[in-house]
Amino acid sequence: MNFFRGVMGGQAAGPQPSGAETIQKLCDRVASSTLLEDRRDAVRALKSLSKKYRMEVGTQAMDHLINILQTDRSDSEIIGYALDTLYNIICSDEEEEQDENTQKQVDDLGAQFTDHFIQDPEHLTLLLTLLEEFDFHVRWPGVKLLTALLKNQGPQVQGVILVSPMGVSRLMDLLADSREVIRNDGLLLLQQLTKSNAAIQKIVAFENAFERLLDIITEEGSSDGGIVVEDCLLLLLNLLKNNSSNQNFFKEGSYIQRMKPWFEVGDDNSGWSAQKVTNLHLMLQLVRVMVSPVNSPGATASCQKSMYQCGLLQQLCTILMATGVPADILTETINTVSEVIRGSQVNQDYFASVNAPSNPPRPAIVVLLMSMVNERQPFVLRCAVLYCFQCFLYKNQKGQGEIVATLLPSTIDANSISAGQLLCGGLFSADSLSNWCAAVALAHALQDNLTQKEQLLRVQLATSLGKPPVSLLQQCTNILSQVGRCSRDGSKVQTRVGLLMLLCTWISNCPIAVTHFLHNQENVPFLTAQISENLGEDERLVQGLCALLLGICIYYNDNSLENYTKEKLKQLIEKRIGKENFVEKLGFITKHELYSRAAQKPQPIFPSPEEMLFDHEFTKLVKELEGMITKAVHKSSEEEKKEEEVKKTLEQHDNIVTQYKELIREQDAQIQELKEQLSSMTSQNEQMQATMTQQLSQIQQHKDQYNILKLKLGKENQNQGEGSQVNGMQTEELTQLREDVEELRKQNALLQTQLDDKDALINKLVSKYEIRPLESEASQTAEGSAGRSDSAQLLEVSKASIPNDGSMDGAKMAELESRLTTQLTEMGRLKAEAKSSTESRAELEQQLASSTSTVAILQTEKAKLQTAVQESKKEQDDLLILLSDQDQKIFSLKQRLKDLGESVEDEDEDDLDAKDQMDDDEEEEDDDEEED
């Protein structure tokens, strides 16, 4: 232990060893000591020397320290010392200022030690394993060491972590650590880990990183939070920037809605801290990442829709119109709103309806344009307003029409300031930057909108008292020529470039505007004079733009002006300028160094106002027109005629090709439809086959049941005898039976008539011999004479009714009694016959009803069987037709295979046999049905 006392500062006699010697002895002690305490003390001593003797400790002790990590994992204290020592070797935390050379040497030394550490991937795997230890003295230095390794050699370390099992998941667990120091350093580690590695970014995102980071931001106070919020936002930017998968996951997870509370600002916005400004700036950048123009249009449109629906756009517009907001936050908010509304009609319409809290209220667009044309406003703010105006008009023909309408005479309101008035004021002001911004803004109001280009030709400007108004187009050319004559020294280049870009955008693809431009006799001579002169470097861009403007006048010329037809303008160029010189001057535009910078991004970002020359949309127009104008200038009139003929021919061919394409599409659709029909018919065929088989079996069952019924009915008829064979009766038998019943009815009616006659005769005789009415007395007598016959009762009543006086003699009386007795006997007989006839008729009617119901049931059953047979026949015919078509297709396909040289087995004979068998079966079924 005396040795360690000397190393750690104890007094010892003799010369002091050098740092390298001490480190060597400590390394030997670490390597050879068997006691854990000795090794621990040696590693602690190396840690204390590692900052001062960084190179010596790194070169001599690194391998021993790695060995300690592998062998002494059970002792957290020595592991912590070893990790701290490695961190000091790889990363220098010295805060004193160093010159560039010294700093470069330090960085190179850290990179060399990092390379040595990661030569064996197992070292990184070991470090990831140590991060699972919950001990603070192991986990915290492990996090710092891995962060330093990622800073020095990020791609290599990322590759090892990516292939390590559960490597990224272990690091994500750091965000859930309850100790804020480890959690915060874990954020720094994940920032380094996710830099420029899309695969790791996706893994981190799907490890629920968004949820955890947003929770931390909320816990820390959102925009009012500290450095931890900044670290979380930086990590979110790493995960989302240029990563469409993570952006979609962020949107689908409804995390955009959780961003809205970040931008809730109060009425008092004074005294913002620097950290709050930084946090809010990063939050705005995060919104811009989701709707950046470099993203896919579909993803951008979806995010823009979500931001409008959740109220995020409205919140941003509130910040935009709030007072007391710092200038850099206001600028970034304008840029953010610009990209949220760019190309989204709904968002653009909402932005057009936003009013500033002024008295009277003014549209937000007007307030922003006032800042843009105000030369006292900061340059970056004016650029942001221009970008916002461009995004508002991007693919927004409705907004373009509203802006142009504010310049038309019928809509001008003298009591209020409109957007058109501000643009005209900026276009003709003395400030070159205002000229350029107003010209570009007005050009965007005309971009790809032929209607507004023609409408803008109606705008008239009053230049001075007593002079007639001039058109806006004429005033632009007048100012262009005046500035060109007064600034030969290269000044006012920005103004001339802005006006030329406006004119080129205005008259391109608009023959009417070209005619208006050429109608001024001074315009063409001015352009040719500008192009033909040999001026300095600063004037080359103006010459190129003049050549572009003149070329547009040639290409979109409809030859309506006799003095400035296409051919005459080309002759003028050849005489005054020269075709080669003209094309060379035209090429000055794309060769300019600022052209390529402006063509990269839609947002106008310029280091200084002097470099603000090109607009992004204008670079697209130049790229489109340069080649066409060059060809148009070099072509002769004959070539143009030929080209027109070729164009017409090509148009005809294109029409023919289009027709054929449509025909092919239709045929493809028909083929697809036929394939679907074939598939459907095949399945239907299979179903019909199964149905037919089932129906055939059902028909057979019905036939069997029918035969059984016939047998049963036959037996019943035999048992009942000849008179009761009703079940097998035919129609003739039923008719005969009905006739018999009718004859019996007639006989009954005849007997009833005879009976009525006899009753009448009896009544006559009674009345002749003054016999009292029989009804009452006969009824009284009948009550007392139950059990006797009707005739005897009537005879007695008659006797009692005849008066017993001497007027009638005995002979007549006897005769009358005998006749009465005879009549009564006959009447009894007739009544008996009538009763017998009635009973017989009732019995026959009952038999007729029974037979009729039986016949009706059999006829119904027969009709059902006949219907089923007819349907089966029809389905069988359909199946035969389908099978015939199928056979024909199979035959044609076999024939094609034979033509192609393929061997095909002939199955025709089998098919014919099967077909004959089916025909025979059908004939047998038909015969059975006819017999039935």
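Just so we're clear, the structure is a prediction, and the values are computed from it rather than from any experiment.

Draft legend 1. Focus on the overall build of the chain. Scanning the chain from N- to C-terminus turns up 41 helices and four strands. In the chain, which comprises 932 residues, the proportion classed as buried is 42%. Surface summary for the chain: the accessible area is close to 50800 Å², and the carbon and sulfur share equals 50%.

Draft legend 2. Summary view of the packing of helix H12 (residues 198-219) against helix H14 (residues 244-252). The interhelical angle for the contact between H12 and H14, taken along N-to-C directions, is 35°, at an axis separation of 10 Å. Crossing handedness for the pair H12 and H14: right-handed. Touching Gln201, Lys202, Ala205, Phe206, Phe210 and Leu214 of H12 are Ser245, Asn246, Phe249 and Phe250, all from H14. A per-class count over the contact of H12 with H14 returns six nonpolar, three polar and one charged.

Draft legend 3. Fine view of the nonpolar core. By size, the foremost hydrophobic cluster in this structure holds 210 residues, and its most contacted members are Leu146, Leu171, Trp262, Phe263, Phe351, Leu472 and Leu548. Among the elements that line this core, the one with the most residues is helix H21 (residues 379-393), at twelve residues. Counting contributing residues per domain, this core is built from domain 1 (18-191) and domain 2 (403-409 + 417-635), each supplying no fewer than three. Beyond its immediate sequence surroundings of up to four residues, Leu146 is in contact with Leu124, Leu127, Leu128, Leu131, Val157, Ile161, Leu171 and Leu189.

Draft legend 4. Inspection of helix H18 (residues 327-341) at higher detail. In this model, H18 (15 residues) spans 21 Å end to end at C-alpha, consistent with the 21 Å of a helix rising 1.5 Å per residue. Most of H18 sits out of view: twelve of its 15 residues are buried. Three or more residues of H18 are buried, namely Ile329, Thr331, Glu332, Thr333, Ile334, Asn335, Thr336, Val337, Ser338, Glu339, Val340 and Ile341. Where H18 is buried, its residues touch helix H15 (274-290), helix H16 (297-309), helix H17 (312-321), helix H19 (345-353), helix H20 (364-372) and H21.

Draft legend 5. Layout of the confidence of the model for the chain. Per-chain confidence: the chain averages 82 in pLDDT, with 82% of residues scoring 70 or above. Across the chain, the element-wise mean pLDDT spans from 41 in helix H38 (residues 774-784) up to 96 in H21. pLDDT under 50 marks residues 722-729. Its contacts with residues more than four places away, or in other chains, come to 14 contacts.

Draft legend 6. A nonpolar patch on the surface, seen in detail. Together, Ile656, Tyr660, Leu663 and Ile664 line one region of the surface with nonpolar side chains, adding up to about 380 Å² of accessible area. Along the chain, Tyr660 turns up in helix H36 (residues 637-720). The exposed category is assigned to Tyr660, whose relative accessible area is 52%.

Draft legend 7. Focus on empty space enclosed by the protein. One pass over the structure, following the stated rule, counts five cavities of 30 Å³ or more. Roughly 70 Å³ of volume is contained in the second largest cavity. As for the second largest cavity, its lining consists of Arg342, Tyr387, Gln390, Cys391, Tyr394, His444, Pro602, Asp615, His616 and Glu617. Breaking the lining of the second largest cavity down by element, the ones donating at least two residues are H21 and helix H35 (616-634). When the residues that make up the lining of the second largest cavity are grouped by side-chain class, the tally is four nonpolar, three polar and three charged.

Draft legend 8. Looking closely at the pattern of salt bridges. Enumeration according to the criterion identifies 22 salt bridges in this entry. A salt bridge links Asp177 to Arg139, with the nearest nitrogen and oxygen atoms 2.7 Å apart. In this pair, Asp177 sits in the loop between helix H10 (167-172) and helix H11 (180-193) while Arg139 sits in helix H8 (residues 136-152), placing the two residues 38 residues apart along the sequence. According to the relative accessible area criterion, Arg139 is buried, its value standing at 9%. With a shortest N-O distance of 2.8 Å, Glu252 and Lys251 are connected by a salt bridge. Taking the relative accessible area as the measure of exposure, Glu252 reaches 52% and is therefore exposed. Its relative accessible area of 15% is what places Lys251 among the buried residues. Salt bridges sharing common partners tie together Arg40, Asp41, Arg44, Asp75 and Glu77.

Draft legend 9. How the structure looks around the environment of Leu175. Its location among the elements puts Leu175 in the loop between H10 and H11. Classification of Leu175 as buried rests on a relative accessible area of 7%. Each C-alpha atom, one on Leu175 and one on Leu213, is 8.3 Å from the other, the two residues being 38 residues apart in sequence.

Draft legend 10. H21, seen in detail. For H21, spanning 15 residues, the distance from its first C-alpha to its last is 22 Å, which sits close to the expected 21 Å at 1.5 Å a residue. The buried fraction of H21 amounts to 14 of the 15 residues, a majority that puts the element mostly inside the structure.

Draft legend 11. Molecular detail of the packing of aromatic side chains. On inspection of all chains with the given rule, the structure shows twelve aromatic pairs. Measuring from centroid to centroid gives 5.9 Å for Phe210 and Phe249, while their planes differ by 35°, and the two rings are tilted. Within this pair, whereas Phe210 is found in helix H12, its partner Phe249 is found in helix H14, the two being separated by 39 residues in sequence. What makes Phe210 buried here is its relative accessible area of 1%. Taken together, Phe206, Phe210, Phe249, Phe250 and Tyr255 form an aromatic cluster joined through their ring pairs. A cation over an aromatic ring shows up here: Lys144 above the ring of Trp140, its NZ or CZ 4.0 Å from the ring centre. Sitting over the face of the ring of Phe134, Arg179 holds its NZ or CZ atom 3.9 Å from the ring centroid.

Draft legend 12. Quick look at the packing of helix H4 (residues 54-71) against helix H5 (residues 76-90). Contact geometry for H4 and H5: axes closest at 9 Å, N-to-C directions at 145°. The handedness of the crossing between H4 and H5 comes out as left-handed. Together, Arg54, Val57, Gly58, Met62, Leu65, Ile68 and Leu69 of H4 and Ile78, Ile79, Ala82, Leu83, Thr85, Leu86, Asn88, Ile89 and Ile90 of H5 make up the contact between the two elements. For the contact of H4 with H5, a count of residues per class yields twelve nonpolar, three polar and one charged.

Draft legend 13. Highlighting unusual backbone geometry. Of note, the amide linkage connecting Asn359 to Pro360 takes the cis form, showing an omega dihedral of 0°. With respect to the helices and strands, Pro360 occurs in the loop between strand E1 (355-356) and strand E2 (362-363). Positive phi is not limited to glycine here, since Asn208 has a value of about 65°. One can find Asn208 in helix H12. Of note, Asn559 is a non-glycine position whose phi angle comes to about 60°, a positive value. Here Asn559 is to be found in the loop between helix H30 (537-555) and helix H31 (566-576).

Draft legend 14. Spatial organisation of the side chain of Ser434. With respect to the helices and strands, the residue Ser434 is situated in helix H24 (residues 432-444). Its relative accessible area of 1% is what places Ser434 among the buried residues. Leaving out residues up to four positions away in the same chain, Ser434 has contacts with Met372, Val373, Arg382, Gly426 and Ser429.

Draft legend 15. Region of the structure containing the side chain of Glu617. Relative to the helices and strands, Glu617 resides in helix H35. Taking the relative accessible area as the measure of exposure, Glu617 reaches 9% and is therefore buried. With residues near it in sequence (within four places) discarded, Glu617 still touches Arg342, Tyr394, His444 and Gln447.

Draft legend 16. View of the environment of Leu171. With respect to the helices and strands, the residue Leu171 is situated in helix H10. With 18 residues separating them along the chain, Leu171 and Leu189 place their C-alpha atoms 8.3 Å apart. Among residues more than four places away in sequence, those in contact with Leu171 are Leu128, Leu131, Leu146, Ile161, Leu189, Leu190 and Leu193.

Each value, and the rule that gives it
- Residues numbered from 1 in each chain as written.
- Predicted model: local features only at pLDDT ≥ 70, side-chain atom pairs only at ≥ 80, totals over all residues.
- Heavy atoms only, no water.
- Helix = DSSP H or I, 4+ residues; strand = E, 2+ residues; numbered from the N terminus.
- Buried < 20%, exposed > 50% of the residue type's maximum accessible area, 1.4 Å probe, protein only.
- Areas by Shrake-Rupley, 256 points an atom, 1.4 Å probe, with all protein chains shown as cover.
- Axes fitted to C-alpha atoms, helices over the stretch in contact; angles between N-to-C directions.
- Left-handed = near helix turned anticlockwise from the far one by under 90°.
- Contact = heavy atoms within 4.5 Å.
- Nonpolar A, V, L, I, M, F, W, Y, C, P; charged D, E, K, R; others polar.
- Core = buried A, V, L, I, M, F, W, Y, C linked by side-chain atoms within 4.5 Å.
- Domains from an automatic or database assignment.
- Expected span 1.5 Å × (residues − 1).
- pLDDT = per-residue confidence, 0-100.
- Patch = residues over 30% accessible without salt bridge, like charges linked within 9 Å, V, L, I, M, F, W, Y side chains within 5 Å.
- Salt bridge = Lys/Arg side-chain N within 4 Å of Asp/Glu carboxyl O.
- 1 Å grid on protein atoms, 1.4 Å probe; cavity = no way out; pocket = protein on both sides within 12 Å on 5 of 7 lines; lining within 4 Å.
- Points joined across faces, edges and corners; volume = space filled by probe spheres on them.
- Phe/Tyr/Trp six-rings, centres within 6.5 Å; stacked < 30°, edge-to-face > 60°.
- Lys NZ or Arg CZ within 6 Å of the ring centre and 35° of its normal.

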